[in-house]
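# What the coordinates show
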Amino acid sequence: GAVVSQHPSRVICKSGTSVKIECRSLDFQATTMFWYRQFPKQSLMLMATSNEGSKATYEQGVEKDKFLINHASLTLSTLTVTSAHPEDSSFYICSARGTVQGYEQYFGPGTRLTVT
Amino acid sequence: DAKTTQPPSMDCAEGRAANLPCNHSTISGNEYVYWYRQIHSQGPQYIIHGLKNNETNEMASLIITEDRKSSTLILPHATLRDTAVYYCIVRVDTGNQFYFGTGTSLTVIP
């Protein structure tokens, strides 16, 4: 149980284009989803918290107009990187917390974004 | 911001117990300690969590000091597949966010 998927697993896009990453909880309903970014050899950095049906809360220093988050259902959240630039190249990981579980987060496998 | 500090790296012989320490001296009374691990280029995997009491599950044991300022994750019989970065995290009580520290890179040696 408690499986989280992400799609795509890898994406390469050109500078200036937008990329959408999907995060799905497969066997539970996720009231809260989190988005993280991880640069090579670094730890995970929390970008934003999203609750189903409401606007995401972004961490300090994360541009909400650049990283659009939508959590329209209890099983799906999306992160759109708008007008991507090479410095946005990173490993993006989502996690989900369920309605009936404890507060542990279950993480997706991550999406490797490369902006050329 | 992360409220934990961990040694950057550790080695452990295969078959022996791996003891990974974590310092969380500023933890509040209602904040839980969580442990996750991340194998290269994968999402973190949940291991265990606790508040005050020691905890054990099929993966590991968690020992929390009485003053709650530090904890130790114990992998009783380390295998090569346990090689990973281990993160100790204090869950923020309001909002439930996880702020990851730098973690401990554990290498299990044959």
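See the structure printed just above.
Here's what I pulled together on the structure shown here. Remember, predicted model here, so these are calculated numbers, not experimental data.

### Observations regarding the interface of chain A and chain B
If you look at the interface, chain A gives 19 residues, while chain B gives 19 residues. In total, chain A and chain B occlude about 1500 Å² of area from one another, counting both sides; carbon and sulfur atoms represent 55% of this. Seen at the junction of chain A and chain B, the total is 0 salt bridges. Taken together, the connections running from chain A to chain B amount to 5 residue pairs in polar contact (both at pLDDT 80 or more).

### Thoughts on the packing of aromatic side chains
Inspection of the entire model under this criterion finds 12 aromatic pairs over all chains. For the pair Y36(A) and F100(B), a centre-to-centre distance of 5.6 Å together with 85° between the ring planes defines the contact as edge-to-face. Remark: F100(B) occurs in the loop between β8 (84-90) and β9 (104-109) and Y36(A) occurs in strand β4 (residues 30-38); the pair is interchain, linking two chains. The same class applies to Y36(A) as to F100(B), namely buried.

### Notes on the pattern of salt bridges
Residues and elements named next belong to chain B. Following the criterion strictly, the structure yields 4 salt bridges over all chains and no others. Ionic pairing is found between D82 and R37, a salt bridge with its closest N-O pair at 2.8 Å. In this pair, D82 sits in the loop between β7 (70-75) and β8 while R37 sits in strand β3 (residues 33-38), placing the two residues 45 residues apart along the sequence. Per residue, the accessibility class of D82 equals that of R37, and both read buried.

### With respect to unusual backbone geometry
Here the residue pair H7(A) and P8(A) is connected by a cis peptide bond, since its omega of 0° sits within 30 degrees of zero. Tracing the chain through its elements places P8(A) in the loop between β1 (4-7) and β2 (10-13). At S41(B), a residue that is not glycine, the phi angle is positive and equals roughly 65°. As for its position among the elements, S41(B) is in the loop between β3 and β4 (45-50). Looking at S41(B), the relative accessible area reads 36%, which means it is partly exposed. For R68(B), which is not glycine, the phi torsion reads 65° and is therefore positive. Mapped onto the secondary structure, R68(B) falls in the loop between β6 (61-64) and β7.

### Brief notes about the nonpolar core
If you look at the biggest cluster of nonpolar residues, it comprises 26 residues, and the most contacted ones within it are V4(A), W35(A), F67(A), L79(A), Y92(A) and L113(A). Contact partners of V4(A), with chain neighbours within four places excluded, come to C23(A), R24(A), S25(A), F28(A), C94(A), A96(A), Y106(A), F107(A), G108(A) and P109(A).

Calculation criteria
- Residues numbered from 1 in each chain as written.
- Chains lettered and ligands numbered in written order.
- Predicted model: local features only at pLDDT ≥ 70, side-chain atom pairs only at ≥ 80, totals over all residues.
- Heavy atoms only, no water.
- Contact = heavy atoms within 4.5 Å.
- Buried area = accessible area lost by both parts, 1.4 Å probe.
- Salt bridge = Lys/Arg side-chain N within 4 Å of Asp/Glu carboxyl O.
- Polar contact = N/O pair within 3.5 Å; in protein donor to acceptor, adjacent residues only side chain to side chain.
- Phe/Tyr/Trp six-rings, centres within 6.5 Å; stacked < 30°, edge-to-face > 60°.
- Helix = DSSP H or I, 4+ residues; strand = E, 2+ residues; numbered from the N terminus.
- Buried < 20%, exposed > 50% of the residue type's maximum accessible area, 1.4 Å probe, protein only.
- Core = buried A, V, L, I, M, F, W, Y, C linked by side-chain atoms within 4.5 Å.

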